[in-house]
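Take a look at the letters that make up each chain.
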Amino acid sequence: MTALLEVADLHIGFGGLAAVRGASFTVNKGETHCLVGESGCGKSVTALAMMGLLPANAERRTAALRFDGQDIAGLSEREMSRLRGDRIAMIFQEPMTSLNPAYTVGSQMGEVYRRHRGGTRQAALDRAAELLERVRITSPGMRLGQFPHQLSGGLRQRVMIAMALMCEPELLIADEPTTALDVTVQAQILRLLADLQTELGLAILMITHDLGIVARTAHRVSVMYAGEIVETAPVFPLFAEPRHPYTRGLLSCVPVPGKVGRDEPLGSIRGTVPRIGPNFAGCAFRDRCDLARPDCSSPVVRHTLASEHSYLCQIAP
Amino acid sequence: MTAPLLEVRDVGQRFRASGGMFAKTRQVVAVDGVSLRLETGGVLGVVGESGCGKSTLAKIILGLIKPTSGDVLIDGRSLTTMDRRERARLIQPVFQDPFSSLNPRQRIRDIVALPLTAQGGIPAGEIRKRVDAMLSRVGLDPAMGERLPAQLSGGQRQRVAIARALVLHPRLVVCDEPTSALDVSVQAQILNLLAELRLEFGLSYLFISHNLAVVEHVASEVAVMYLGRIVERNEASALFHAPRHPYTKALLASVLTPEPGLGIPETGLGDAMPDPANVPSGCRFHPRCPVAVERCSRDSPTTERAGAGIVECHLAPVG
């Protein structure tokens, strides 16, 4: 497997509060890497950092940020914008707010293409129609002339995906792409992404809070908690032998049909995520952890098992 | 036979929606001929996708909107014969979004006390005692009563909403997507709390959710709604193990359980999204149905018995 995106020791802060603390991960060509965690764990801001789209007040530092072997941490905004939408594309949770309501589907899709590839308006529209067909939208010619509000939520997300694929990106960053959709539509969209990955050899960085989506789409998983990747592993060992107490807790919280009976309690994690100030040290999960010991407040060492499985805990076996 | 706790009799709700400045006014059928029963102590799950009418149904049962047709009865008495105070003593809501369902300018204590003060005639000391007891019961420190909703996390706010719903000791709690806005670890805490409280206070729940795994966990009986109608209803175990309606099957197939290796299911559903302003002829599910035959676009299926429940489909096994 060749690495397409490599991130080493990524830190992102907002005025003294740390959002991401030393995250390192790799997305391989043709694979899906899921970043999973609950709200505020730093997963979305990590995605934005990959795209060079962090808000102006964010401080970012990183040991390495490489795309296809090229260092992209030091790129100027101009150089980054040449990559964005071309070789790296992104889709967001709410397609209604990320599509421009004032322009037709065709003109928005065409704009991306002409900006990176040039060519005539008609060539761009032809390309757009081709992509709409590829994401299984019927009568693409008609859709090109429609405005986002004329489409259903599922169709809008298909348009977003088609738009992201206009320039044949190698990496697609998907931030909660199906959270706003109904379950049946969610299955259809995820199915489409999986098919496109096989057809086009796309690498996908999938940001989600849903462990069902992780299990069904990921090749590799990184679990984020309070800005850190607390556990990373290929998908099978992560679900079969989770090590970090947070990963274990999270898995026990999910109701699985047929597994936990009615009136039997679900597993749960007490308390809430702490605020991480500048002088925070030790394990961020210790106040919620049943295994915590006094030495959990000293810096934690990452344990590495075989098969690329590592976790940030000194107690878990 | 005694009357069930809740009986919904052939309830319908139509709205008139303006289609825009120059468009004709359209008729939106949000709920169409819905009948339900819920016995004391039961949990009736209502599932369906956005726009299927499940939240409108919740509002009708809460007495917040008057249905265009049909009737809702509690203990055999029509909601229309009760005043607001009496309704509030019997039925209370817990809504999805704990950010918008709590008044941001009121202290937690006053929010939880409101159902008691609205009843009138309860001494202030008694109210205070009952509010403190209820806050502790839902896992909040009574000292938190002095705070404002903005100072609480999402899970704590949903605990406040539950305390407010239970402070009058109602019989029925209508939970409309109570955990949809919450993180999964907090969702588990809230579901566990709701389960404990149901046994402790002898409550019954009408539990509305789009999350089938959650409904499977909590419900004793499940109704599946599609475009305003209940297309299948049955005991939870029967519905989840042997679904009869193609829509129920597709919904169940779409549940992504956290089991790697199973891949993404193929639902077989078409892209024609349901529009309550434009209900298809015949079976309303036929444009998306993977097994529809010619007859389905022409004739509306009748409600047939299916075990302990019902199903509405020309092709589903009945009896």
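### Brief notes about the overall build of chain B
Helix and strand counts for chain B come out as nine helices and twelve strands. Expected size for 319 residues packed as a compact globule is a radius of gyration near 20 Å; at 21 Å, chain B falls within 12% of this value. In terms of its C-alpha atoms, chain B occupies a principal-axis envelope of roughly 70 × 50 × 50 Å. By residue count, 47% of the 319 residues in chain B fall in the buried class. A separation of at least 24 residues holds for 66% of the contacts in chain B among residues at least 6 apart in sequence.

### Looking at the overall build of chain A
Assigned secondary structure in chain A consists of eleven helices and 13 strands. Taking 2.2 N^0.38 as the reference for a compact globule, 317 residues should give roughly 20 Å; the C-alpha atoms of chain A span a radius of gyration of 21 Å, in line with that estimate. Along the longest, intermediate and shortest principal axes, the C-alpha atoms of chain A span 65 × 50 × 35 Å. For chain A, the proportion of its 317 residues judged to be buried stands at 45%. Across chain A, contacts joining residues at least 24 apart in sequence account for 65% of those joining residues at least 6 apart.

### Thoughts on the sheet that holds strand β11 (residues 228-234) of chain A
All names here are of chain A. If you trace the eight strands from one edge of the open sheet to the other, you get β7-β8-β9-β3-β10-β11-β13-β12, paired in mixed fashion. In this open sheet, the two strands that pair with only one neighbour each are β7 (88-91) and β12 (302-304). Ignoring strand direction, the axes of neighbouring strands in this sheet form an average angle of 15°. Across five bridges, the pairing between strand β3 (residues 32-36) and strand β9 (residues 203-208) is parallel.

### Description of the interface of chain A and chain B
At the interface, 40 residues of chain A touch 37 residues of chain B. Of all the secondary structure elements, the ones that give two or more residues to the side of chain A that touches chain B are α8 (183-200), α9 (211-217), α10 (235-240) and α11 (245-253) of chain A. The dominant element in the side of chain A that touches chain B, judged by the number of residues it contributes, is α8(A), at eight residues. By residue class, the composition of the side of chain A that touches chain B is 21 nonpolar, 13 polar and six charged.

### A word on the packing of helix α4 (residues 105-117) of chain A against helix α5 (residues 121-134) of chain A
The geometry of a pair of packed helices is captured by two quantities: the angle between their axes and the separation between those axes. All names here are of chain A. Relative to each other, α4 and α5 sit at 110°, their axes nearing to 8 Å. In terms of orientation, α4 lies roughly perpendicular with respect to α5. Crossing of α4 over α5 shows right-handed handedness. Along the contact surface, α4 presents G106, M109, G110, Y113 and R114, while α5 presents R121, A124, L125, R127 and A128. Looking at the contact of α4 with α5 residue by residue, the classes come out as five nonpolar, two polar and three charged.

### What to know about the domain arrangement of chain A
All names here are of chain A. Looking at chain A, the domain boundaries give domain 1 (1-87 + 174-281 + 300-317) and domain 2 (95-166). The C-alpha centroid of domain 2 is placed 28 Å from the C-alpha centroid of domain 1. Each partner contributes to the interface: domain 1 provides ten residues, whereas domain 2 provides nine residues. For the side of domain 1 that touches domain 2, the per-class residue count stands at seven nonpolar, two polar and one charged.

Calculation criteria
Residues numbered from 1 in each chain as written. Chains lettered and ligands numbered in written order. Predicted model: local features only at pLDDT ≥ 70, side-chain atom pairs only at ≥ 80, totals over all residues. Helix = DSSP H or I, 4+ residues; strand = E, 2+ residues; numbered from the N terminus. Rg over C-alpha atoms; globule rule 2.2 N^0.38 Å. Buried ≥ 20, exposed ≤ 12 C-beta atoms within 10 Å, placed from the backbone. Contact = placed C-beta atoms within 7 Å. Pairing = 2+ DSSP bridges. Axes fitted to C-alpha atoms, helices over the stretch in contact; angles between N-to-C directions. Nonpolar A, V, L, I, M, F, W, Y, C, P; charged D, E, K, R; others polar. Parallel < 35°, antiparallel > 145°, perpendicular 65-115°, else oblique. Left-handed = near helix turned anticlockwise from the far one by under 90°. Domains from an automatic or database assignment.

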